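Structural features, examined
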Amino acid sequence: MVGRVDLTDQAATLLRELTGQHGPVMFHQSGGCCDGSSPMCYPRGEFRVGASDVLLGYLPGETPFWMSADQFEYWKHTHLTVDVVPGRGSGFSLEAPEGVRFLIRSRLLTDDEVAALESQPPPPTGDTVQQ
């Protein structure tokens, strides 16, 4: 099965650390200005997704990665990779106190990946997924 989102080894290590400190977490990418264009990591259940949010997939630890529907329209033909770099991210995202921030790296999906994704049901939205 073709996925839409993955993470680097370094991001996976940080995700394990954050989960160890905070319990289950989730990602959301709104596509807003400033820090809203970066993936934000929250304790699961502390950020409410809405009917217009799209579930791109799950990262390790059954960590959901959500994106606003408007942003998904721009990114639906790309594969996203969550990475982590030094720097100050948003004060609301769990990695901020660690002196690093999550960011997205992307690449276009191949024709085969597009065909595979189009043969699957559309990604679930916030009104269809039990949170």
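Our subject in this report is the structure included herewith. Since the model is a prediction, treat every value here as computed from it, not as a measurement. (Residues numbered from 1 in each chain as written. Predicted model: local features only at pLDDT ≥ 70, side-chain atom pairs only at ≥ 80, totals over all residues. Heavy atoms only, no water.)

Things to note about the pairing of strand 5 (residues 63-68)
Extensive coverage of strand 5 is indicated by the burial of six of its six residues. Taking every second residue as pointing to the same face, both faces of strand 5 are buried, with Thr-63, Phe-65 and Met-67 on one and Pro-64, Trp-66 and Ser-68 on the other. Relative to strand 5, strand 2 (residues 25-29) is paired through three bridges, and the arrangement is parallel. Note that in strand 5 the partner of His-28 across the bridge is Trp-66. When strand 4 (residues 53-59) meets strand 5, the two strands line up antiparallel, connected through six bridges. By the bridge assignment for strand 5, Asp-53 is matched with Ser-68. (Buried < 20%, exposed > 50% of the residue type's maximum accessible area, 1.4 Å probe, protein only. Helix = DSSP H or I, 4+ residues; strand = E, 2+ residues; numbered from the N terminus. Pairing = 2+ DSSP bridges.)

A closer look at the sheet that holds strand 7 (residues 100-108)
Pairing between the strands of a sheet is mediated by backbone hydrogen bonds and can be parallel or antiparallel. Spatially, three strands are ordered 1-6-7 in an open sheet, and the strand pairing comes out mixed. On the outer flanks of this sheet lie strand 1 (5-7) and strand 7, each paired with one strand and no other. Shown here is a sheet whose adjacent strand axes are inclined to one another by a mean of 25°, direction ignored. By the bridge criterion, three bridges tie strand 1 to strand 6 (residues 78-86) in an arrangement that is parallel. For Val-5, the partnering residue across the bridge sits in strand 6 and is Leu-80. Along the sheet face, helix 1 (residues 9-22) touches strand 1, strand 6 and strand 7 and points at about 70° away from the line of strand 6. (Axes fitted to C-alpha atoms, helices over the stretch in contact; angles between N-to-C directions. Contact = heavy atoms within 4.5 Å.)

Section: the packing of aromatic side chains
Applying the stated criterion across every chain yields a total of three aromatic pairs. Between Tyr-42 and Phe-47, the aromatic rings sit 4.9 Å apart at their centres with planes inclined by 10°, giving stacked as the arrangement. Taking relative accessible area as the criterion, Tyr-42 reaches 15% and is therefore assigned buried. Of the aromatic side chains, those joined through ring pairs into one cluster are Phe-27, Phe-65 and Phe-102. (Phe/Tyr/Trp six-rings, centres within 6.5 Å; stacked < 30°, edge-to-face > 60°.)

Brief notes about the sheet that holds strand 4
Strand order in the open sheet formed by four strands is 3-2-5-4, with mixed pairing between adjacent strands. Strands at the two margins of the open sheet, each flanked by one partner only, are strand 3 (40-43) and strand 4. Ignoring which end each strand starts from, the neighbouring axes of this sheet average 25° apart. This element, helix 1, spans strand 2, strand 3, strand 4 and strand 5 of the sheet and lies at about 120° to strand 2.

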